[in-house]
Amino acid sequence: MKTLVILVALVAGLSAMAIPKQKSGVFTVEMKSIPSLRAKLIKAGKWQKVLADLHTKASGSQPFIDYYDDFYLANVTTGTPPQTFTIVPDTGSSNYWIIDANKCTNQACQGYPDSGYTKHRFDSTKSSTFKNLGTPFSIQYGSGSCDGSLAVDVLSFAGLSYATQTFGLASSIADVFGYQPIDGIMGLGWPALAVDNVVPPIQNLLPTLDKPLFTVWLDRKVQMSTGGNGGLITYGALDTMNCDPTFNYVTLSSKTYWQFAVDSFSVGTYSIAKSQQVISDTGTSWLGGPQNGINDIVQATNAQYDDINQIYTVPCTQTGLPDIVFTIGGMKYNIPATEYVLDLGLGGGNCAITAFDFDFGGFGPQWILGDTFIRTYCNAYDVGGGRIGFSKAHHTSV
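Rules behind the numbers
Residues numbered from 1 in each chain as written. Predicted model: local features only at pLDDT ≥ 70, side-chain atom pairs only at ≥ 80, totals over all residues. Heavy atoms only, no water. Pairing = 2+ DSSP bridges. Helix = DSSP H or I, 4+ residues; strand = E, 2+ residues; numbered from the N terminus. Axes fitted to C-alpha atoms, helices over the stretch in contact; angles between N-to-C directions. Contact = heavy atoms within 4.5 Å. UniProt positions renumbered as here; feature names shortened; annotations may be inferred. Buried < 20%, exposed > 50% of the residue type's maximum accessible area, 1.4 Å probe, protein only. Polar contact = N/O pair within 3.5 Å; in protein donor to acceptor, adjacent residues only side chain to side chain. pLDDT = per-residue confidence, 0-100. Core = buried A, V, L, I, M, F, W, Y, C linked by side-chain atoms within 4.5 Å. Salt bridge = Lys/Arg side-chain N within 4 Å of Asp/Glu carboxyl O. Phe/Tyr/Trp six-rings, centres within 6.5 Å; stacked < 30°, edge-to-face > 60°. Disulfide = S-S within 2.5 Å.

Paired through backbone hydrogen bonds, the strands of a sheet run either parallel or antiparallel to each other. Across the sheet, 4 strands lie side by side as 16-15-21-22; this open sheet has antiparallel pairing. Only two strands of the sheet have a single partner each, and these edge strands are strand 16 (270–272) and strand 22 (331–335). The mean inter-strand angle of the sheet, taken between neighbouring strand axes irrespective of direction, is 20°. Judged from the 4 bridges that link them, strand 15 (residues 264–267) and strand 21 (residues 324–328) form a sheet pairing that is antiparallel. When the sheet's bridge partners are listed, Ser264 is paired in strand 21 with Thr327. Seen against the sheet, helix 6 (residues 291–301) touches strand 15, strand 16 and strand 21 and runs at an angle of roughly 165° to strand 16.

Below, the structure written as structure tokens:
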């Protein structure tokens, strides 16, 4: 019997969630969550300094600022005996990396005091199963980067274990990661996206799963983050307790990111009535889109740009805001204002619009459907079928 595994994701929110009853072949792991770092730094008057650091120290990269608010994180272990780390389960990348305790010793590797989080770093000298490959690796993300060498050791989470996972042991990480409450990233993307041709963890674990897929459900955060459980990653099956039982699928257009086509985009009276390439990315908190699409959202909501915090805002009490609508496979997927308007404690009665403009360049995707979309619709990542499915997410709060 292959294994069905359910991994509880971490989210900035206190909403209750439904966890399937424990039974043979099903494993559930409940974890804590991390409050919104951006909200915390804004309240302390330190967010502007972080923005300045992002623009001056993340050389050559556009600062998406995508991990700061709705941190959906998970615990994993590496080594023998196991050492525990808090990572981002990221469908927008394919490598697993953590911080090297012996070589990554600057302040970013330890965690900046403003973050309120002390990093957990991997001590290879304390693992009897560790093997250093000595191959250099370097990964550049939309915001941040890391460098180090490749190694092999045991990777375990939620009752699953793979004895010889190749991973990155980071001897250097970008300053932006020093502000974030994470010890690394675990990519859930496709092998073609992996740096140095490393086999991603999900590919190694496929033979142990009931079905070659995983489902992501993210619960809704209604108020500014205070911490708490709020999501599930279900490995090996569809989550029919937290999601509608019927998933509607579209075939992937590229097996790098989880990339597919949308038929159209609209918000209020504004629309882009043409097919565009998008990706589903659990590692991005907000919606990323082309300038004209973001301009449509701004005009339809009458949002104002906050120059200090570099985000678009609307009054928190504003009503009648239109849905953001993506048509995928002929079906409309509406994102209501309750999902795309976020209270970050900005003051003045203002809330953030969780959308940002970006340019992948060339023939890359035009939109990133981050956690704002995934909270509204469960995403089923069908590795075996080369497709992605969507189902309405269930929430206990409104």
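The next thing to look at is the UniProt feature "active site" (unreviewed entry) in the protein. Using the residue numbers shown here, the UniProt feature "active site" (unreviewed entry) corresponds to Asp90 and Asp281. Judged by maximum C-alpha separation, these annotated positions cover 192 residues in sequence but sit close together in space, the widest gap being only 6.7 Å. Note that Asp90 resides in strand 4 (residues 83–90). Of the residues examined, Asp90 reaches a relative accessible area of 2% and is grouped as buried. Structurally, the position occupied by Asp281 is in the loop between strand 17 (276–280) and strand 18 (287–289). Leaving out residues up to four positions away in the same chain, Asp281 has contacts with Asp90, Thr91, Gly92, Ile368, Leu369, Gly370, Asp371 and Ile374. For Asp281, the side chain forms a polar contact with the main-chain nitrogen of Gly92, separated by 3.2 Å.

Moving on, we get to the confidence of the model for the protein. When the pLDDT values of the protein are averaged, the result is 83; 79% of them are 70 or greater. Counting interchain partners and residues more than four positions distant, the pLDDT-below-50 stretch residues 2–33 has 130 contacts. Scored below 50 in pLDDT, residues 54–69 makes 56 contacts in the model with residues more than four places away or belonging to other chains.

The next point concerns the pairing of strand 22. In terms of strand pairing, strand 21 meets strand 22 through 5 bridges, oriented antiparallel. Bridge pairing in strand 22 places Ile324 opposite Ile335. Joining the antiparallel neighbours strand 21 and strand 22 is a turn of 2 residues, in which Gly329 adopts a positive phi near 60°.

Following Thr80, the chain continues to Pro81 via a peptide bond in cis, the omega torsion being -5°. Residue position: Pro81 is located in the loop between strand 3 (74–78) and strand 4. A positive phi is found at Asp196, a non-glycine position, where the angle reads about 65°. For Asp196, a relative accessible area of 40% puts it in the partly exposed group.

On to the nonpolar core. One finds Phe214 and Phe373 to be the most contacted residues of the largest nonpolar core, which totals 63 residues. In this structure Phe214 touches Thr91, Leu188, Ile202, Ile233, Thr234, Tyr235, Gly236, Trp258, Asn379, Ala380, Tyr381 and Val383, once residues within four positions along its chain are discounted. Counting residues in hydrophobic clusters, the runner-up holds 22 residues, among them Ile99, Phe137, Leu150 and Ala174.

A sheet is described by the order of its strands in space; here 6 strands give the open sequence 13-14-17-26-18-25, paired in mixed fashion. Edge positions in the open sheet fall to strand 13 (254–255) and strand 25 (355–357), since each of these has one partner strand only. As paired strands, strand 14 (residues 258–262) and strand 17 are joined by 4 bridges and run antiparallel to one another. Along strand 17, the bridge assignment pairs Gln259 with Ile279. Helix-sheet contacts for helix 6 involve strand 18, strand 25 and strand 26 (367–369), and the interaxial angle to strand 25 is about 140°.

With that settled, the discussion passes to helix 6. Listed as buried for helix 6 are Gly293, Ile294, Asp296, Ile297, Val298 and Thr301. Following helix 6 by one or two positions, Asn302 has its phi on the positive side, about 55°.

What follows deals with the pattern of salt bridges. Tallied over the entire structure, the rule returns 3 salt bridges. Here Lys126 makes a salt bridge to Asp123, at a shortest N to O gap of 3.9 Å. Residue classification places Lys126 among the exposed positions, given a relative accessible area of 58%. The exposure class assigned to Asp123 is buried, which follows from its relative accessible area of 14%. In this structure, Asp382 and Arg387 form a salt bridge, with 2.8 Å as the shortest nitrogen-oxygen distance.

Right, let's talk about the packing of aromatic side chains for a bit. Applying the stated criterion to the full structure yields 24 aromatic pairs. Between Phe122 and Phe167, the aromatic rings sit 5.9 Å apart at their centres with planes inclined by 90°, giving edge-to-face as the arrangement. A residue pair is termed long-range when its members are at least 10 positions apart, and Phe122 in the loop between helix 3 (107–110) and strand 6 (131–140) and Phe167 in strand 8 (residues 160–173) qualify at 45 residues. Its relative accessible area of 1% is what places Phe167 among the buried residues. Consider the rings of Phe373 and Phe390, whose centres lie 5.6 Å apart with planes at 80°: the pair is edge-to-face. With Phe373 in helix 8 (residues 371–376) and Phe390 in strand 28 (residues 387–392), the pair connects residues that are 17 residues apart, well separated along the chain.

Every disulfide links exactly two cysteines, by a covalent bond between their sulfur atoms. All chains considered together, the criterion is met by 3 disulfides. Cys104 shares a disulfide with Cys109; S-S distance 1.7 Å. Residue classification places Cys109 among the buried positions, given a relative accessible area of 1%. When the cysteines of the protein that form disulfides are numbered from the N-terminus onward, they connect as 1-2, 3-6, 4-5. Of all cysteine sulfurs, the one in Cys104 lies closest to Cys146, which takes part in no disulfide; the gap is 9.2 Å. For Cys146, a relative accessible area of 0% puts it in the buried group.

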